[in-house]
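# Summary of the model geometry
The chain contents come next:
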Amino acid sequence: MIQYIIVCPLVFLAGLVDSIAGGGGLISLPAYMIAGVPPHQALGTNKMGSAMGTVVSTLRLAKHGYLKGKMHIALGAAAAALAGSALGSHLALLVPDTVIRNLMVVILPVTAFYVLRQKKDQEGEREPLPPAQLTAVSLGAAFFLGGYDGFYGPGTGTFLILVLTGAARLDIRTASALTKVINLSSNVAALATFLFTGNVNCTLGLAAGVCCIAGHYLGAGMVVHDGKKIVRPVVLVVLALLFVKVISGM
């Protein structure tokens, strides 16, 4: 029961954050570890809850038309994320956590600098990429960041939004919707791997998933109603928390 008391409220908060700017794994993954779930099982159980919640925010954003005209890109990105995440989750069973920790110490300051230097209205000023280039950038981001999501996870959504609004030049709402599609695909692929290897606490994962669904539903509504004003500050907060988490060695 103590595990549920610790995990469920934190996973709700993780779902809320993840649906807006990604990075929910920053909150949910440590929650499982604090509750005493073994590391590999924490990774797998976290994927179950995350996948359940991401379904809701993906459908809600798609319902509002943010993938209109981009569905072919979304489907290709989903396939790329499935492949990348399957590879990453298999590697996660072999590679020590210290590799990811050291890598993120380098990645996070660079990413934070990138976010801070962007003009608030820059997204609306730039010409969109040609279709072929947009597809290539989206598929590449889906494969490599999907691989990272399968390998470890926290920050995947944040990094996807940065790439899709920066390199791919998508508006923030379309980027958020496409991010959810990629995240859902990578979560499903990683979950299948961890289930197959017996690294998922299904009872705890299902309970956490219900809380994650509630968080994603609320957060997706916030993106729909005021995306630009909400997403950028949350991205910055998530990046700051990620960096603190990595430095503290949690």
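Residues numbered from 1 in each chain as written. Predicted model: local features only at pLDDT ≥ 70, side-chain atom pairs only at ≥ 80, totals over all residues. Heavy atoms only, no water.

The name recorded for the protein in an unreviewed UniProt entry is Probable membrane transporter protein, from Candidatus Enterocloster excrementipullorum. What the UniProt record of the protein gives under Subcellular location (unreviewed entry) is the line "Cell membrane". UniProt, in the comment section headed Sequence similarities (unreviewed entry), describes the protein in these words: "Belongs to the 4-toluene sulfonate uptake permease (TSUP) (TC 2.A.102) family." (UniProt positions renumbered as here; feature names shortened; annotations may be inferred.)

Let us now look at helix H4 (residues 71-92). Taking 1.5 Å of rise per residue, the 22 residues of H4 would be expected to cover 32 Å, and the 30 Å separating its terminal C-alpha atoms lies within 8% of that figure. What H4 keeps buried is the set Ile-73, Ala-74, Ala-77, Ala-78, Ala-80, Ala-81, Gly-84, Ser-85, Gly-88, Ser-89 and Ala-92. For H4, the secondary structure elements touched by its buried residues are helix H3 (39-63), helix H7 (131-151) and helix H9 (172-196). (Helix = DSSP H or I, 4+ residues; strand = E, 2+ residues; numbered from the N terminus. Expected span 1.5 Å × (residues − 1). Buried < 20%, exposed > 50% of the residue type's maximum accessible area, 1.4 Å probe, protein only. Contact = heavy atoms within 4.5 Å.)

Turning our eyes to something else, we now look at unusual backbone geometry. In the Ramachandran plot, Arg-169 falls in the positive-phi region, its phi being about 60° despite a non-glycine side chain. Along the chain, Arg-169 turns up in the loop between helix H8 (156-166) and H9. Residue classification places Arg-169 among the partly exposed residues on the basis of a relative accessible area of 35%.

We now examine empty space enclosed by the protein. Vacant regions in the atomic arrangement are exposed by a probe of water-molecule size rolled over the atoms. Counting across every chain of the model gives two cavities of 30 Å³ or more. Counted as a void, the largest cavity has a volume near 210 Å³. Lining the largest cavity are 24 residues, and of these Asp-18, Gly-24, Gly-25, Asn-46 and Ser-50 sit closest to its centre. Where the lining of the largest cavity is concerned, the elements lending two or more residues are helix H1 (2-21), helix H2 (25-34), H3, H8, H9 and helix H10 (202-248). Split by residue class, the lining of the largest cavity holds six nonpolar, 15 polar and three charged. There is about 30 Å³ of room inside the second largest cavity. (1 Å grid on protein atoms, 1.4 Å probe; cavity = no way out; pocket = protein on both sides within 12 Å on 5 of 7 lines; lining within 4 Å. Points joined across faces, edges and corners; volume = space filled by probe spheres on them. Nonpolar A, V, L, I, M, F, W, Y, C, P; charged D, E, K, R; others polar.)

With that settled, the discussion passes to a nonpolar patch on the surface. Taken together, the side chains of Leu-87, Leu-91, Leu-94, Phe-143 and Phe-144 define a hydrophobic patch exposed on the protein surface, amounting to about 540 Å² of accessible area. Put simply, the parts of the chain that give the nonpolar patch at least two residues each are H4 and H7. Note on placement: Leu-87 falls in helix H4. Relative accessible area serves as the criterion here: at 48%, Leu-87 is assigned to the partly exposed category. (Patch = residues over 30% accessible without salt bridge, like charges linked within 9 Å, V, L, I, M, F, W, Y side chains within 5 Å. Areas by Shrake-Rupley, 256 points an atom, 1.4 Å probe, with all protein chains shown as cover. Salt bridge = Lys/Arg side-chain N within 4 Å of Asp/Glu carboxyl O.)

The UniProt entry lists residues 73-93, 99-116, 151-170, 191-218 and 230-248 under the feature "transmembrane region" (unreviewed entry), expressed in the numbering used here. As annotated, residues 73-93 comprises 95% helix and 0% strand, and the C-alpha atoms at either end are separated by 30 Å. Structurally, residues 191-218 comprises 82% helix and 0% strand, and the distance from its first C-alpha atom to its last is 24 Å.

Viewed as axis vectors pointing N to C, H4 and H7 meet at an angle of 30°, and their least axial separation amounts to 6 Å. Taken together, the axis directions place H4 and H7 in an arrangement best described as roughly parallel. Here H4 runs over H7; the crossing is right-handed. Mapping the contact onto sequence places Ile-73, Gly-76, Ala-77, Ala-80, Ala-81, Ala-83, Gly-84, Ser-85, Gly-88, Ser-89, Leu-91 and Ala-92 in H4 and Leu-134, Thr-135, Ser-138, Leu-139, Ala-142, Phe-143, Gly-146, Gly-147, Gly-150 and Phe-151 in H7. Taken together, the residues of the contact of H4 with H7 break down into twelve nonpolar, ten polar and no charged. (Axes fitted to C-alpha atoms, helices over the stretch in contact; angles between N-to-C directions. Parallel < 35°, antiparallel > 145°, perpendicular 65-115°, else oblique. Left-handed = near helix turned anticlockwise from the far one by under 90°.)

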